Amino acid sequence: MSASTDYAIEASGLTRRFGSFVAVDGVALRIPKGQLYGFLGLNGAGKTTTIRMLTTLLPPTEGCARLWGHDVRREPLAVRRLVGLVSDETSESQSAWTAREYLGYFARVRRLANPEAEVERILEAVGLHTRFRGKLIGSYSTGMKRRVEIGRALMGGPKVLFLDEPTRGLDLPAKREMWRLLQDLARREQVTTFLSSHDAQEIRTLCSEISIIAHGRLVFSGRAQDLGADLDTFEEQLVDLLLGRGSDRVDVAQ
């Protein structure tokens, strides 16, 4: 696979085995810079394993992947400098710290020139009200904690933001607030966002381009609207693909 400067994420034949079990099987992706891209699948379909390979947390068994032209195998440090990640594995904010203390720690780790100002800028960007910034994270709602985690992932200005089920556990009003936040961040911060979810409405609302993974293999890549002009049709087509009842509609980058 030759790298292109037009793409934030490129993958070809990306595969991960655990013993005889194939968790991800030959995934191919080509995601332009600045896009909010959806990655849909059932629990256990291979979404999180794919993200872990793309973010260098898990080496591929076969295939290759690049972020902004940097190979995830050969240049892991360069890749890590480019990415921000929010997942279940990173979502346990320090409950005994305030949001300012928590993000301030990461600002100092990244050796930012003006950590206090950057923390306030990030907290403003993720919409955490000033009256909560000095309170303990343990007193926050689930939605507020998720905002802090997204703020941590944005620290240092990543080029690619990976969000693995960012609205899991949120009620509907908090989920819709999070959707507005993600749309605003994509527009204002110009960060390529890779959104992994099993929520059809979430993906269809936020993402124009999507991939669907089932049993470790991509079963669709293309425009969300190609699966239906309305949510009901989209969900019907999605269920067929996830359960193997759909026709061979995969249109992936090779």
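Please refer to the structure higher up on the page.
Quick caveat: nothing in here was measured; it's all calculated off a predicted structure.

Asks: So what's going on with the environment of Phe-18? Residues and values would help.
Replies: In this structure, Phe-18 sits in strand β1 (residues 7-18). By relative accessible area, Phe-18 is classed as partly exposed at 39%. Measuring from C-alpha to C-alpha, the distance between Phe-18 and Thr-61 comes to 8.9 Å, with 43 residues separating the pair along the chain. Apart from residues no more than four positions distant in its own chain, Phe-18 is found in contact with Ala-23, Thr-49 and Leu-58.

Asks: Explain the packing of aromatic side chains residue by residue, including any values.
Replies: One pass over the full model with this rule turns up eight aromatic pairs. Relative to Phe-194, the ring of Phe-39 has its centre 5.1 Å away and its plane inclined at 45°; by these criteria the two rings are tilted. Residue Phe-39 is located in strand β3 (residues 36-40), and its partner Phe-194 is located in strand β8 (residues 192-197); the two are separated by 155 residues in the primary sequence. Judged by its relative accessible area of 0%, Phe-194 is buried. One aromatic cluster is present, formed by Tyr-37, Phe-39, Phe-162 and Phe-194 through successive ring pairs. Sitting over the ring of Trp-68, Lys-33 keeps its end group 3.7 Å from the ring centre. Looking at Arg-152, its charged tip hangs above the ring of Phe-106, at a distance of 6.0 Å from the centre.

Asks: Can you explain the sheet that holds strand β10 (residues 217-223)? Please cite residues and give values.
Replies: Spatially, the six strands line up as an open sheet ordered β6-β7-β8-β3-β9-β10, and their pairing is mixed. On the outer flanks of this sheet lie β6 (83-86) and β10, each paired with one strand and no other. Across the sheet, the mean angle from the axis of one strand to that of its neighbour is 15°, orientation sign disregarded. Examined bridge by bridge, strand β7 (residues 160-164) and β8 share five bridges and lie parallel to one another.

Asks: Can you lay out the pairing of β10 for me, pointing to particular residues and giving the numbers?
Replies: In terms of residue burial, β10 counts as a mostly covered element, since five of its seven residues are buried. Linking two consecutive strands that pair antiparallel, namely strand β9 (residues 209-214) and β10, is a turn of two residues; a positive phi of about 55° is found at His-215 within it.

Asks: Help me get a handle on a negative patch on the surface, residues and values and all.
Replies: Together, Asp-230, Asp-232, Glu-235 and Glu-236 make up a negatively charged patch on the protein surface. Within the secondary structure layout, Asp-232 lies in helix α8 (residues 231-242). The class for Asp-232 is exposed, based on a relative accessible area of 53%.

Asks: Requested: an account of the packing of helix α5 (residues 142-154) against helix α6 (residues 172-189), with residues and values cited.
Replies: Contact geometry of α5 with α6 gives a least axis separation of 11 Å together with a crossing angle of 15°. Here α5 is positioned roughly parallel relative to α6, judged by the angle of their axes. Both α5 and α6 take part in a crossing whose hand is right-handed. Every residue of α6 that contacts α5 at Gly-143, Arg-146, Arg-147, Ile-150 and Leu-154 is listed here: Glu-177, Met-178, Leu-181, Leu-182 and Leu-185. A breakdown of the residues in the contact of α5 with α6 according to their chemical character gives six nonpolar, one polar and three charged.

Thresholds, definitions, all that
Residues numbered from 1 in each chain as written. Predicted model: local features only at pLDDT ≥ 70, side-chain atom pairs only at ≥ 80, totals over all residues. Heavy atoms only, no water. Helix = DSSP H or I, 4+ residues; strand = E, 2+ residues; numbered from the N terminus. Buried < 20%, exposed > 50% of the residue type's maximum accessible area, 1.4 Å probe, protein only. Contact = heavy atoms within 4.5 Å. Phe/Tyr/Trp six-rings, centres within 6.5 Å; stacked < 30°, edge-to-face > 60°. Lys NZ or Arg CZ within 6 Å of the ring centre and 35° of its normal. Pairing = 2+ DSSP bridges. Axes fitted to C-alpha atoms, helices over the stretch in contact; angles between N-to-C directions. Patch = residues over 30% accessible without salt bridge, like charges linked within 9 Å, V, L, I, M, F, W, Y side chains within 5 Å. Areas by Shrake-Rupley, 256 points an atom, 1.4 Å probe, with all protein chains shown as cover. Salt bridge = Lys/Arg side-chain N within 4 Å of Asp/Glu carboxyl O. Lys, Arg positive; Asp, Glu negative; His and termini not counted. Charge placed at Lys NZ, Arg CZ, Asp CG, Glu CD. Parallel < 35°, antiparallel > 145°, perpendicular 65-115°, else oblique. Left-handed = near helix turned anticlockwise from the far one by under 90°. Nonpolar A, V, L, I, M, F, W, Y, C, P; charged D, E, K, R; others polar.

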